[in-house]
Amino acid sequence: MDGREMSNAAKEFNTLVFAVNGERFELSDVDPSTTLLEFLRCQTRFKGAKLSCGEGGCGACDVLLSKYDPVLKQVENDKVNSCLTLLCSINGCSVTTTEGLGNSKDGLHPIHKRMAGFHASQCGFCTPAMCISLFSALVNAKNANRPEPPPGFSKLTVLEAEKAIVGNLCRCTGYRPIADTCKSFAADVDIEDLGINSFWEKGDCIADKISKLPFYDPNDEICTYPEFLKDESKPLNFKRKSWTTPLTIEELQSLLEAGNGTRIKLVVGNTSTGYYKEQEHYDKYIDLRFISELSLIQRDHTGIEIGATVPISKAILALREEHEGELCSEAELVFQKIANHMEKVASGSIRNVASVGGNLVIAQRSHFPSDIATIFLAVKSIVSIMTGQKHEKLTLEEFLGRPPLDSKSVLLSVKILCWKSERKSFPSETETKLVFETYRASPRPLGNALSYLNAAFLADISSSKTGVLVNNIHLAFGAYGTKHAERARKVEEYLVGKVLTFGVLYEAVKLVEAAVVPEHGTSDPAYRSSLAVGFLFEFLLPLLDPDYSVTSDPYEFDDIGNLGLVSSAKQVVESSTDYYPVGKPIMKSGAALQASGLLRIPWSLNIIWCDLPPTNASKDFRCECEAVYVDDIPSPENCLHGAFIHSTKPLAWVKDVKFESKSLPDGVTDIISFRDIPKRGENIGCRTPYGDEPLFADDLTSYAGQPVAFVVADTQKSADVGAAMAIIDYDTEGLGPPILTVEEAFERSSFFEVPSSMYPAQVGDFSKGMSEADHKILSAEIRLGSQYFFYLETHTALAIPDEDNCMVVYSSSQCPEYIQTVIARCLGIPEHNVRVITRRVGGGFGGKIMKSMRIAVASALAAHKLRCPVRIYVNRKADMIMAGGRHPMKMTYSVGFKSNGKITALHLDILINSGIAIDLSPILPGTIVDSLKKYDWGALSFNIKLCKTNHCTKTTMRGPGEVNATFIAEAIIERVASTLSMEVDFIRMKNLHSYESLNFFYEGIAGEPQEYTLPFIMDKLASTSSFEKRIEMTKEYNLCNKWHKKGIALVPIIHLCSMKPIPGKVSILWDGSVAVEVAGIELGQGLWTKVKQMTAYALSLIQCDGTKDFLDKVRVIQADSLSLVQGGSTSASTTSESSCAAVRVCCDILVGRLAPLKEKLQKQMGSVSWDDIILQAHSENVNLSASTYLVPDSNSMSYLTYGAAVSEVEVNILTGETRILRSDIIYDCGQSLNPAVDLGQIEGAFVQGIGFFMSEEYLSNSDGMVVTEGTWTYTIPTIDTIPKQFNVEVLNSGHHKNRVLSSKASGEPPLLLAVSVHCATRAAIKEAGKQLRSWGGSEGSDSESTFFDLEVPATMPVVKELCGLNSVEKYLQFCASLAD
């Protein structure tokens, strides 16, 4: 069949056919803009793929996409982002989600079992996609040309296994246990390196450990592509829906020529929508992937030509292929290095579908900061373009410099030329060679983040005894704030014909500095220019001195071998049997109910009012999506969807909200505003103990980002598009300027009042302390910014009207009780008419305490007005606008200290930006001061003010105020050390509390002397981490390395924890099984697991037969605001232990009721089982349900917990990149209720703290509107940015009589320990500064004159600036002076 016949046949094929988990789907009516994720979540029961960022940056939506190649007769399996993949593009393909791997009824996959057993799931929202990412790697490893692995393992290497999840974000675990899960499948894994798990016991030999792992057999792998699809891989053509698939270039030409006046979208991978967030309507979609000319890869002696639709991942493989004799070795090396760089572009899920041509087109047309354009530009690639009937070839430089491509022009291919050195007539002792290198400076070494600058350099050089001559050179720079990648022509012209000397290098870098100038408005322009200088220097210096290398890339695939990203980790935990099963590191477990089966159940009101959707609380099976989150609940009949319209002005009258067209946008049903609140209701969207916040702006908007209205539409997409299309008409007449800084708030006395009972007391006599000081630092300033929660599950709610004017609301919330109250007040109905149900939350970190209320209330208001169910799943951009985040602060301090380093007095003036409403801000003065008290300041005084500003309301984020105070304390310690020219570790130890000073600062809550474990922890950590030895090694390293500097720091914390009143209920059913209700919400912190353990322990005290496996009898039920009242919020780290304490009281009551029956039965029967006792209790009408509202007494209300961390970092002086080489933590958990759960909390909190201190920038514009809108601009830690060695000890500090079974909290305190990374970075920068001053001819001194403030976060630009933006120039001048 020729191309024309194939084309005609294709036009008749207008049914979309594909498979999901082996099930066939046929669709004849599809909106071409529908994504695969939309279809999976809205039209199938498969909810494993989650929506989180919607832009391909988090990996939560990952699925395996399999397609059949009829020519090669093989199946290709690629992991893809289903949130970007268009449904029409998967015709003839098969999709595998985590449900397709296995389930609890038919059998779990070893991936599921190992994820659970290695404690690699906390909130669980990211886990299904993690499983798919690992599964994809396993499937593709089967075809690797390697020896067969040992039984139970795969052909994956450790590095490949860990790289499988590089594109997947997790906010809970800290990645280490996930990495262990992945590594457990690798053939070259060292089993001893794998961390704590539920498979083997301490002391097991290696053979026993391997035998206890859930067995993996590659030959039993799941069929990813069913046979029935092999005849269905045909081009799709929907005439009515305008999806067209041409098969030839000629047909494409005719389609483009016929498209006058129509909006055409050319489709390959559709990944650009993740960056540009397209919401516009297209009249025609043209799928280019079936045009064979565009998908070819051709290789000959002149180079490699890559078709425009070739995926980046396939291009990488082609560039790495070796063809003997076809290309010279120099060209092969160039191709290899291009491939290595391309593997750091985006994530694997993106690279598998994003095309090379598409990347170049958006770089040319839309100024995308492309890495590929830069590296191709350096090797003078050639592109082929088609415009109408015209075909032309251009250099890539010419192509990028042209006006943007119009809709009728198509990029056909790009050719990377084969380069080799020019063999000129040089003397015989002259060696000529080609040198090629690529560079990128990015917050994440292995990609999944944009570059600050990328570069690629190609040089033809000749080396002889007289030096290195530059025969030819190409220097390409991109992504630095220019429209497209460019060649540095003036620098090239200068270097060609020159013999390299330090003087020549100096002139070259000065020319680069002048050539690489970011456009106005680009962030960090000086930093980006300095990167260009640094990269050129790094390229040329080894040519000048072949024995010298500036740096080696630790992530370069050729160098790293089989080393993993997390090279080693050690966990030390002590389990206890005193209160079995409490104290055991058990797996998070529960009943196994399959979510996909449950989701077939139709909605009805009688079902709603039952405990539905009835999934279990377990986390062992969370990885196979048997855990239901709010957005997984099937939409009831006639359900509508909502989205907020936000103000863009900080202070303005709202005159009108409208759309460009007179009619409502497609799909939009209504717009809800404050005018739709019932007459008896209130405009309230949030209630706190200290004040309320409105649901909507009324006639006046008070901050940028404030909800003005709520769009209701038929789908979530329609609602989001409608909200984005809304136009707000503003007026500022009669209004003064908004308050946008704490300084403005101070000047205008705009403050919130802190209740006197919550304001902390001063400690000691500040005036006296200052008078005793030998030295003083006065009025020094520190500023701290905000941080976004970045829970993987954004805010979501489902509101369903019920009979008798009632409302049922499913909410992802940490505080259902308050939601119930606020909905009732907004609707003007009694609270008993509102029922709020929360089963689990996909991450909270404080962001879903108060902020979840508005989402639930808006849904309920819309449902109340429209009399139908309304749900909302807030998109990531809107969530970041509304979240508020951590409180920014300005601190001014004065400190006095003696010459021996002992601090005598500290005073702080702190201005806290609380935003427009008070929220929970009044707790911050107390938390700040409590954390500051970790050192003995002699005397401590303060003046803390909560500033009311025209910003989005700030709220409590994990460690609220405490993480800020920890940083302040360390900054002051560093400043004192610098002033005295003393080692900072000496100053820390000098001011560490004695028990007496601890009792003075923490009056009444310091506990007994033996409970003060911090000195012991510090000594033990210094020993186990070899701290003193590593200090000396660091000094030696810094002397020997000019362009990398190491730093190391040991930092303590003291954290005050407070228990809270909380209800609990335990009920024993006829069969002896137990239902437990607690107000605490399962956020991923293992609350339900600890509650189950406590229930099993406390009921087993009845001491009868049948209680050994009591855990299997216990189930924890979702939070229900009508079933268990006075629930409060799940926050402040202590809800788990408070819930356990409440449950224990209930169990004690039940045991007290059952004990007489047991004794009676024992006299009659001898041996008595649990079932016997329960049956007897029923027959005698014993109350088998007990509830309590536990209020902690004054002795157990508050306590202190302790910890310390040593972190070692390496700073790249040329780029500012900070690598965390190692972190060691010891944390006092008392007697842990579950060491595995607490270990996960410690690691996860620490990594989240790394984000705050090192990478996460939550930025606003001049009006206060958040401009950090997603994964492209907000970089949380990833597996390649966590400590390479990560060692944690959960210290069992013995008996604490006032604690819950001697336990202590672990959720928030370890986050504070991440300040050790920041302190270590400061130490490394300090060494860089010394070196820089020595190059300038001045050694300087370690005194006040050389002190510097290291900002938070210490991003690459911040670090580089402190290391010296001109460090290369200084060094070259220094070298030139030595030569002279």
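Residues numbered from 1 in each chain as written. Predicted model: local features only at pLDDT ≥ 70, side-chain atom pairs only at ≥ 80, totals over all residues. Heavy atoms only, no water.

Asker: Please clarify how the environment of Q814 should be interpreted in this entry.
Answerer: Among the structural elements, Q814 can be located in the loop between strand 30 (806–811) and helix 25 (816–827). When its relative accessible area of 2% is taken as the criterion, Q814 is described as buried. The contacts of Q814, once residues within four sequence positions are left out, are G844, F845, G846, G847, K848, I849, S852, I1081, L1083, G1128, S1129 and T1130. Of note is the side chain of Q814, whose polar atom sits 2.8 Å from the backbone oxygen of T1130. (Helix = DSSP H or I, 4+ residues; strand = E, 2+ residues; numbered from the N terminus. Buried < 20%, exposed > 50% of the residue type's maximum accessible area, 1.4 Å probe, protein only. Contact = heavy atoms within 4.5 Å. Polar contact = N/O pair within 3.5 Å; in protein donor to acceptor, adjacent residues only side chain to side chain.)

Asker: For this particular structure, what's the right way to read the packing of aromatic side chains?
Answerer: Any two aromatic rings considered together are summarised by their centre-to-centre distance and by the angle between their planes. Considering all chains together, one arrives at 45 aromatic pairs under this definition. Where F25 meets F39, the ring centres are 5.5 Å apart and the plane angle is 85 degrees; that geometry is what we call edge-to-face. Residue F25 is located in strand 2 (residues 23–27), and its partner F39 is located in helix 2 (residues 36–43); the two are separated by 14 residues in the primary sequence. Given the relative accessible area of 16%, F25 is considered buried. Geometrically, the ring pair formed by Y788 and F790 is edge-to-face, given 5.7 Å between the ring centres and 80 degrees between the ring planes. What makes Y788 buried here is its relative accessible area of 0%. Between the NZ or CZ atom of R840 and the centre of the ring of Y629, over which it lies, the distance is 5.8 Å. (Phe/Tyr/Trp six-rings, centres within 6.5 Å; stacked < 30°, edge-to-face > 60°. Lys NZ or Arg CZ within 6 Å of the ring centre and 35° of its normal.)

Asker: Whenever I open this one, unusual backbone geometry confuses me. Can you help?
Answerer: The general pattern is negative phi for most residues beyond glycine and trans for most peptide bonds. Here Y580 and P581 are connected by a cis peptide whose omega angle stands at 0 degrees. With respect to the helices, strands and loops of the structure, P581 is situated in the loop between strand 18 (568–573) and helix 20 (595–598). Residue V1352 is joined to P1353 through a cis peptide bond whose omega torsion reads 0 degrees. One can find P1353 in the loop between helix 39 (1315–1335) and helix 40 (1356–1364). Phi at D524 takes a positive value of approximately 50 degrees, unusual for a residue other than glycine.

Asker: For this particular structure, what's the right way to read the pairing of strand 38 (residues 1074–1078)?
Answerer: On a regular strand, each side chain points to the face opposite its neighbour's, so the side chains alternate between the two faces of the sheet. Summarising burial for strand 38: five of the five residues are buried, a large majority. Along strand 38, one buried face is formed by V1074, V1076 and V1078 and the opposite face, lined by A1075 and E1077, is buried too. Direction of pairing for strand 37 (residues 1062–1068) relative to strand 38: antiparallel, over a ladder of five bridges. Opposite I1068, over in strand 38, you have V1074 as the bridge partner. Counting the residues in the hairpin turn of strand 37 and strand 38 gives five residues, including G1072, whose phi is positive at 90 degrees. Here strand 38 pairs with strand 39 (residues 1114–1117) via four bridges, running parallel. Bridge pairing in strand 39 places V1076 opposite V1116. A crossover connection joins strand 38 to the parallel strand 39 through helix 34 (residues 1087–1100); in handedness this β-α-β unit is right-handed. (Pairing = 2+ DSSP bridges. Right-handed = clockwise from strand over helix to strand, strands pointing away.)

Asker: What exactly am I supposed to notice about the side chain of S718 here?
Answerer: Counting through the fold element by element, S718 comes out in helix 22 (residues 716–725). A polar contact of 3.0 Å, which involves the side chain of S718, links it to the side chain of D714. A distance of 3.0 Å separates polar atoms of two side chains, one belonging to S718 and the other to T715. Ignoring anything within four residues of it in the chain, the contact list for S718 reads D666, G667, V668 and A713.

Asker: Sorry if this is basic, but what is going on with a negative patch on the surface here?
Answerer: On the surface, D524, D1349, E1351 and E1361 cluster together into a patch of negative charge. Tracing the chain through its elements places D1349 in the loop between helix 39 and helix 40. Judged by relative accessible area, D1349 falls into the partly exposed class, the value being 45%. (Patch = residues over 30% accessible without salt bridge, like charges linked within 9 Å, V, L, I, M, F, W, Y side chains within 5 Å. Areas by Shrake-Rupley, 256 points an atom, 1.4 Å probe, with all protein chains shown as cover. Salt bridge = Lys/Arg side-chain N within 4 Å of Asp/Glu carboxyl O. Lys, Arg positive; Asp, Glu negative; His and termini not counted. Charge placed at Lys NZ, Arg CZ, Asp CG, Glu CD.)

Asker: What is the right way to look at the sheet that holds strand 37 in this model?
Answerer: Neighbouring strands of a sheet are bound in pairs by backbone hydrogen bonds; such pairs are parallel or else antiparallel. Spatially, four strands are ordered 39-38-37-41 in an open sheet, and the strand pairing comes out mixed. Either end of the sheet is taken by a strand with one partner, and the two such strands are strand 39 and strand 41 (1185–1190). Shown here is a sheet whose adjacent strand axes are inclined to one another by a mean of 15 degrees, direction ignored. Across the sheet, helix 35 (residues 1135–1165) touches strand 37, strand 38 and strand 41, and the angle it forms with strand 41 is around 140 degrees. (Axes fitted to C-alpha atoms, helices over the stretch in contact; angles between N-to-C directions.)

Asker: What am I meant to see in the environment of P650 here?
Answerer: Within the secondary structure, P650 sits in the loop between strand 19 (640–646) and strand 20 (652–658). Residue P650 is classed as buried on the basis of its relative accessible area, which comes to 6%. Sequence spacing of P650 and D930 is 280 residues, and the spatial spacing of their C-alpha atoms is 34 Å. Dropping the residues within four chain positions of it, P650 is found in contact with T701, S702, Y703, A704, P738, L740, N950 and D1263.

Asker: Sorry, what's going on with the confidence of the model for the chain here?
Answerer: Caution is warranted with low-pLDDT regions, since their predicted coordinates should not be read in detail. Looking at the chain, the pLDDT average stands at 91 and 93% of residues meet or exceed 70. Low confidence marks residues 1–12, where pLDDT is under 50. Its contacts with residues over four positions away, or in another chain, come to 11 contacts. Low pLDDT (under 50) marks residues 552–563, which in the prediction has 28 contacts with non-local residues, meaning those over four places away or in another chain. (pLDDT = per-residue confidence, 0-100.)

Asker: What am I meant to see in the pairing of strand 14 (residues 431–441) here?
Answerer: The buried fraction of strand 14 amounts to eight of the 11 residues, a majority that puts the element mostly inside the structure. Bridge analysis of strand 14 against strand 15 (residues 453–464) gives 11 bridges, and the strand direction is antiparallel. Counterpart to E437 in the pairing with strand 15 is F457.

Asker: What's the story with the nonpolar core in this structure? I'm lost.
Answerer: Nonpolar side chains in soluble globular proteins tend to be buried together. The biggest cluster of nonpolar side chains holds 223 residues, and the ones touching the most others in it are F477, L495 and W937. Those residues in contact with L495 that lie beyond four places of it in its chain are V470, I473, L475, L500, V504, A508 and L540. Ranked by size, the runner-up nonpolar core spans 74 residues in total, among them L65, I90, C93 and V95. (Core = buried A, V, L, I, M, F, W, Y, C linked by side-chain atoms within 4.5 Å.)

Asker: Help me understand the side chain of E1289 in this model?
Answerer: Within the secondary structure, E1289 is located in strand 44 (residues 1285–1291). Classification of E1289 by relative accessible area gives buried; the value is 8%. Discounting chain neighbours no more than four positions away, the residues touching E1289 are V572, K1020, I1225, I1226 and Y1227.

Asker: How do you make sense of helix 26 (residues 851–866) when you look at a structure like this?
Answerer: Each turn of an α-helix holds 3.6 residues, which means side chains three or four residues apart point in the same direction. When the terminal C-alpha atoms of helix 26 are compared, their 24 Å separation across 16 residues agrees well with the 22 Å that a helix rising 1.5 Å per residue should span. Extensive coverage of helix 26 is indicated by the burial of 13 of its 16 residues. (Expected span 1.5 Å × (residues − 1).)

Asker: How should the state of the cysteines be read in this particular structure?
Answerer: Working definition of a disulfide: a covalent bond connecting the sulfur atoms of two cysteines. The final tally for this structure, using the stated rule, is zero disulfides. This cysteine, C826, is not joined by any disulfide, and C686 carries the nearest cysteine sulfur, 13 Å off. (Disulfide = S-S within 2.5 Å.)

Asker: Before we go on, may I ask you to explain the pattern of salt bridges in this structure?
Answerer: Here the idea is simple: oppositely charged side chains can pair when their charged atoms come close. Under the criterion given, the structure shown has 63 salt bridges. One salt bridge connects E343 with K163, and the closest N-O pair in it is separated by 3.4 Å. Separated by 180 residues along the polypeptide, E343 in the loop between helix 11 (329–342) and helix 12 (348–351) and K163 in helix 5 (residues 158–163) bring together distant segments of the chain. In this structure E343 comes out as buried when scored by relative accessible area, which is 16%. Residue class for K163 comes out partly exposed when judged on its relative accessible area of 23%.

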